[in-house]
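Summary of structural features
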Amino acid sequence: RRIIQAMDKTGGGASYQDDSYVDNQVYRCDAFAEKGATLTVSRHDSSPWGLYVTVSPESVFGVALFQPDKKDCERLFKAINKILKKMNSPHKLENMTLSRITLASESEFENHGMAGQYLAIIRQAIVPRHYKTMLFCEDELWGASQIVNRHAVRLCCASKTFLACDSVALREMEDLFSIAQPKEKALHFQLNLRRKAICGAFKGKAPKNHYKTLVQLTEKTPRLIIQQLRQMKVLADCYVGYNEAVSLVSDVNDKKTRKRMLYLLDKTRKTGSLSEAIDKLRDKYDLSKRQANRVLRKFQKLGFSPITLQERYDKPLPGLGILLNG
């Protein structure tokens, strides 16, 4: 209650009761958002009150991507602890449970069109089991959702959210994700990990020290994003145009495999979805899931993806894994 009273004293409409949660009492304080912290106090029915702090290092340091080191982490904790003390919190940031973290990575290109092409490749990827595609809604982006949904791909499951987007979407989402000054010719990746996924990244148990968790997860970011793309069956050594892909598949010796690969190429191009194309392949040739995966693995062995480039690209593009590994 002392924290809620301190929230009320911030004034200016920065603190408010959020009525969007049924059976929950939720109070939010945005007064310190520009200083890197948003506070939420909530409880369900008669359960104990919980304090949740959303920290934005980008706002504290004024950078697009926060790369933690010990000195910066100490400065970050000190800044947030100062806010917590002002709001009558008995807790310090380093003693609270790390329940969610957002990891980010960027790949920069020669022109904006290349970022758009890679985004188009990701858009055609398979949506893994337990995930669903989540479009941005008007309530999230204040009327900009149609623009963002054309320039972003977002997949969600119970423990993780994956986002890939270009600079057009980033500019519209600057307030939502605290991303400052996005690079014009870059493809931006984000992984939002909840507690279960954080522990999973450390094979079961995350370090108790938040600094170690931040540093180690930052180091793991490219690998974690690559794992996500691998689940989506979109990793390849390179991506080629449709005609070149047909030419490469035509050299496959086994007639049955060649026929199935050509069919998958055609349907992926026509449907714009690898998932739909695989479903059609299985129906056409009465294949099991394992047999369909063998066709995909054959593309992998040849070094390219059944997802092909737009016609204006006459040269192969390097694989996403190569880009993320730098």
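Worth saying up front: this structure is predicted, and the values here are computed from it rather than measured.

The rules behind the values
- Residues numbered from 1 in each chain as written.
- Predicted model: local features only at pLDDT ≥ 70, side-chain atom pairs only at ≥ 80, totals over all residues.
- Heavy atoms only, no water.
- Patch = residues over 30% accessible without salt bridge, like charges linked within 9 Å, V, L, I, M, F, W, Y side chains within 5 Å.
- Areas by Shrake-Rupley, 256 points an atom, 1.4 Å probe, with all protein chains shown as cover.
- Salt bridge = Lys/Arg side-chain N within 4 Å of Asp/Glu carboxyl O.
- Lys, Arg positive; Asp, Glu negative; His and termini not counted.
- Charge placed at Lys NZ, Arg CZ, Asp CG, Glu CD.
- Helix = DSSP H or I, 4+ residues; strand = E, 2+ residues; numbered from the N terminus.
- Axes fitted to C-alpha atoms, helices over the stretch in contact; angles between N-to-C directions.
- Parallel < 35°, antiparallel > 145°, perpendicular 65-115°, else oblique.
- Left-handed = near helix turned anticlockwise from the far one by under 90°.
- Contact = heavy atoms within 4.5 Å.
- Buried < 20%, exposed > 50% of the residue type's maximum accessible area, 1.4 Å probe, protein only.
- Pairing = 2+ DSSP bridges.
- Phe/Tyr/Trp six-rings, centres within 6.5 Å; stacked < 30°, edge-to-face > 60°.

Before going further, it helps to spend a moment on a negative patch on the surface. Residues E276, D279, D283 and D286 make up a contiguous surface patch of negative charge. On the secondary structure map, E276 appears in helix α13 (residues 274–285).

This brings us to the packing of α13 against helix α14 (residues 289–302). α14 packs onto α13 with a crossing angle of 120 degrees between their chain directions and a minimal axis gap of 10 Å. Taken together, the axes of α13 and α14 are oblique relative to one another. In this structure, the crossing between α13 and α14 has a hand that is right-handed. Along the contact surface, α13 presents L274, I278, L281 and R282, while α14 presents K289, A292, V295 and L296.

With seven of its seven residues buried, strand β8 (residues 160–166) lies for the most part within the structure. Neither face of β8 is exposed, since K160, F162, A164 and D166 on one face and T161, L163 and C165 on the opposite face are all buried. Bridge analysis of strand β7 (residues 152–156) against β8 gives five bridges, and the strand direction is antiparallel. Among the inter-strand pairings, A152 is bridged to a residue of β8, identified as C165. The turn joining β7 and β8, which pair antiparallel and follow one another in sequence, is formed by three residues. Strand direction decides the pairing type here: β8 and strand β9 (residues 186–194), joined by seven bridges, are antiparallel. The residue bridging D166 from the neighbouring strand is L187, located in β9.

Within this structure, the stated rule accounts for seven aromatic pairs. With a centroid separation of 6.1 Å and an interplanar angle of 50 degrees, the aromatic rings of Y27 and W49 are classed as tilted. Taken together, the residues span a long stretch of sequence, with Y27 in strand β2 (residues 24–29) and W49 in the loop between β3 (37–44) and β4 (50–55) at a distance of 22 residues. What makes W49 partly exposed here is its relative accessible area of 28%. Ring geometry for F299 against F304: centres 5.5 Å apart, planes inclined by 90 degrees, an arrangement best described as edge-to-face.

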